Amino acid sequence: MAAYLSRLHHISLHVSNAEKIANDLVSKFKFNLFATRLTDRSRQLALRKGAAVFVVNERANEGSVRLNEELRYSADSHRVNAGKHNRDHRTKCLYDVSPHYSVDTVSNVCFEVEDVERSFKALRHLGCNFLVPPTTVQDQSGVVTYSVVKSIVGNVCHTLIDRTKYEGSFLPGFDVIEKDCNLEEEEDMSCPVTHFDHITYACPRKTTHQVMRWYEDFFGFQRFFIDSNEDLDEGFVINQEGIGLRLTAMEYWKCSKVGITLPSLDKKEPDCKFVIAESLPEQGRNQVDTFLEKHRSPGIQHIGLYTEDIVSTAHAMAEAGVQFFSPPHTYYTKVGKQQEIEEAGHNPQMLAQHGILLDTDLHQDSVVTDSIGYLLQVFTKPIFAEDTFFLELIERRGAKGFGEGNIKALWRSVQAHMENERGDSQGEESTKSVQTAQLLVTPELFN
Ligand SMILES: O=C(O)C(=O)Cc1ccc(O)cc1
Ligand SMILES: [Fe+2]
């Protein structure tokens with residue numbers, strides 16, 4: 001039996017300079033730093049925006065030096081008694097593995113489950129590879145149990161966590177920072193990001209089926225169609241005009257009862273969606289290939305942040321220094337597009353200002369709700385030094401998938417940027433591909 005997930009808890013990043021990335025998330029993306037865990041060997045910073053939580057971990061190698069030099073978040077960070085019941089928690093990344101990965105990466109999607117031990121047994125029985133066995137951590141607010149499983153996608157891991165017996169506001173081991181709630185609320189008005197909408201994996205060619213199978217078998221994920229033209233086996237394929245992309249999407253439902261075999265139909269509430277992106281060979285090298293090369297393994301290419309108002313969110317973020325990809329200006333002035341934008345109640349000028357794309361969904365919800373759904377999206381430029389991971393803003397108005405028109409426009413704008421970058425760094429490229437031979441993921445196998 002698969003392990004059913006209660007909900008997504010947080011997503012963790014492993015970077016060489018945690019402070020830099022956390023600062024960007026705060027100052028540009030309007031996340032709030034709300035908890036930290038600082039020991040002599042590890043630095044973990046938790047940031048939140050609505051229900052979206054990132055944990056930024058500093059990679060142990062370079063980080064340990066800086067840690068000793070500038071421990072300035074909290075003088076009494078060793079006060080925590082988390083880890084009493086465990087092997088040396090102070091020296092490693094809590095609730096995760098410490099991947100000695102060579103580039104900044106987003107590598108752990110942590111899910112809440114109701115019973116870690118039971119999920120561990122069920123998944124191990126099915127042949128899942130665990131990097132951390134069920135482990136208990138506690139402090140004065142209660143107990144948390146977690147376990148870490150390696151996914152089938154590159155360096156991606158999943159922490160399964162049970163925090164139902166924990167009353168603190170985050171996790172044992174973290175010092176929670178008290179903040180003025182009014183300030184947070186004010187910021188949420190102009191930047192109403194509420195949760196993670198989807199996570200997109202960049203995967204090698206012909207691996208989509210395997211990946212889908214893994215998530216179906218182990219976590220009960222289900223395939224859904226991105227577009228009504230989609231083929232069951234092929235996925236949603238765009239293979240024209242320089243775009244060679246295969247997309248397949250999966251979803252799961254928030255479950256809250258132990259032992260149920262399938263989420264009950266009437267109480268189905270989908271959580272964060274997962275998208276698998278594969279590049280197709282016919283159209284030349286593209287952004288999925290670039291990710292695979294620069295990231296040096298398959299993995300999380302981008303995350304969609306759901307916002308209730310993409311125009312004001314993009315505006316606030318752009319003012320704070322976030323750079324977005326823009327389609328050519330003609331995208332907004334084409335007769336059909338202009339009308340489409342206006343009919344959806346938007347102003348083409350406003351959308352053009354930040355490169356926001358609008359796609360009307362003529363197929364899906366229109367049948368059910370009698371209204372035409374649409375979605376708005378914009379991609380940020382890569383947020384790490386390497387041209388790998390980026391964020392996306394997405395506002396959905398009755399549309400569940402990813403519009404074909406948007407994907408094409410997004411793809412072209414990203415592609416143009418990648419081509420520019422490639423022109424600038426030809427020399428660098430060859431050194432990097434030599435290192436690609438040694439994949440620097442050294443999972444902490446438990447004994
Ligand atoms: O449209 C989206 O938001 C997707 O997630 C689909 C997608 C996946 C990979 C790309 O490089 C571009 C688009
Ligand atoms: Fe996306």
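In this report, the structure presented in the accompanying data block is examined. Keep in mind it's a predicted model, so treat the numbers as computed, not measured. (Residues numbered from 1 in each chain as written. Chains lettered and ligands numbered in written order. Predicted model: local features only at pLDDT ≥ 70, side-chain atom pairs only at ≥ 80, totals over all residues. Heavy atoms only, no water.)

## So, the packing of aromatic side chains
Okay, step 1: With the rule as written, the count across this model stands at 25 aromatic pairs.
Okay, step 2: Ring plane angle 70° and centroid distance 4.8 Å describe the contact between W214 and Y215, whose orientation is recorded as edge-to-face.
Okay, step 3: By relative accessible area, which is 0% here, Y215 ends up buried.
Okay, step 4: Between the aromatic rings of Y215 and F221, the centroid separation amounts to 5.0 Å while the plane-to-plane angle is 35°, which identifies the pairing as tilted. This pair shows no difference in class: Y215 is buried, exactly as F221 is.
Okay, step 5: Taken together, the ring pairs connect F111, Y201, W214, Y215, F218, F219, F221, Y252 and F274 into an aromatic cluster.
Okay, step 6: Here the basic side chain of R48 rests over the ring of F34, its NZ or CZ set 4.1 Å away from the ring centre. (Phe/Tyr/Trp six-rings, centres within 6.5 Å; stacked < 30°, edge-to-face > 60°. Buried < 20%, exposed > 50% of the residue type's maximum accessible area, 1.4 Å probe, protein only. Lys NZ or Arg CZ within 6 Å of the ring centre and 35° of its normal.)

## A closer look at the nonpolar core
Okay, step 1: Of all hydrophobic cores here, the largest spans 83 residues; its most connected members are I199, Y201, Y215, F219 and I303.
Okay, step 2: The leading source of residues in this core is helix α5 (residues 208-219), at six residues.
Okay, step 3: Here this core spans two domains, and each of domain 1 (5-60 + 92-176) and domain 2 (193-256 + 269-428) adds at least three residues to it.
Okay, step 4: Those residues in contact with I199 that lie beyond four places of it in its chain are L8, I11, V109, C272, K273, F274, V275, I300, H302 and I303.
Okay, step 5: One finds A35, V53, C157 and I161 within the second-largest nonpolar core, a separate group that totals 21 residues. (Core = buried A, V, L, I, M, F, W, Y, C linked by side-chain atoms within 4.5 Å. Helix = DSSP H or I, 4+ residues; strand = E, 2+ residues; numbered from the N terminus. Domains from an automatic or database assignment. Contact = heavy atoms within 4.5 Å.)

## Focus: the layout of surface pockets
Okay, step 1: Estimates place the volume of the largest pocket at around 600 Å³.
Okay, step 2: Mapped by element, the contributors of at least two residues to the lining of the largest pocket are β1 (7-15) and β10 (193-203).
Okay, step 3: Residues of the lining of the largest pocket, tallied by class, amount to 10 nonpolar, three polar and 13 charged.
Okay, step 4: When residues of the lining of the largest pocket are assigned to domains, at least three map to each of domain 1 (5-60 + 92-176) and domain 2 (193-256 + 269-428). (1 Å grid on protein atoms, 1.4 Å probe; cavity = no way out; pocket = protein on both sides within 12 Å on 5 of 7 lines; lining within 4 Å. Points joined across faces, edges and corners; volume = space filled by probe spheres on them. Nonpolar A, V, L, I, M, F, W, Y, C, P; charged D, E, K, R; others polar.)

## Some thoughts on the pattern of salt bridges
Okay, step 1: Enumeration over the complete set of coordinates arrives at 19 salt bridges.
Okay, step 2: A salt bridge links R246 to E278, with the nearest nitrogen and oxygen atoms 3.1 Å apart. Within this pair, whereas R246 is found in strand β13 (residues 243-251), its partner E278 is found in strand β14 (residues 273-279), the two being separated by 32 residues in sequence. Grouping residues by exposure puts R246 and E278 together as buried.
Okay, step 3: The closest approach of N and O atoms between R397 and E395, which form a salt bridge, is 2.9 Å.
Okay, step 4: Classification of R397 by relative accessible area gives partly exposed; the value is 41%. (Salt bridge = Lys/Arg side-chain N within 4 Å of Asp/Glu carboxyl O.)

## So, the state of the cysteines
Okay, step 1: Scanning all chains against the criterion turns up zero disulfides.
Okay, step 2: Distance from the sulfur of C157, which forms no disulfide, to the nearest cysteine sulfur (C93) is 11 Å.
Okay, step 3: When its relative accessible area of 6% is taken as the criterion, C157 is described as buried. (Disulfide = S-S within 2.5 Å.)

## Topic: unusual backbone geometry
Okay, step 1: A positive phi angle, near 45°, is found at E241, a position not held by glycine.
Okay, step 2: The topology assignment puts E241 in the loop between β12 (236-240) and β13.
Okay, step 3: Although it is not a glycine, R296 sits at a positive phi angle of roughly 70°.
Okay, step 4: Relative to the assigned elements, R296 resides in the loop between α6 (287-295) and β15 (299-307).
Okay, step 5: We classify R296 as buried; its relative accessible area is 9%.

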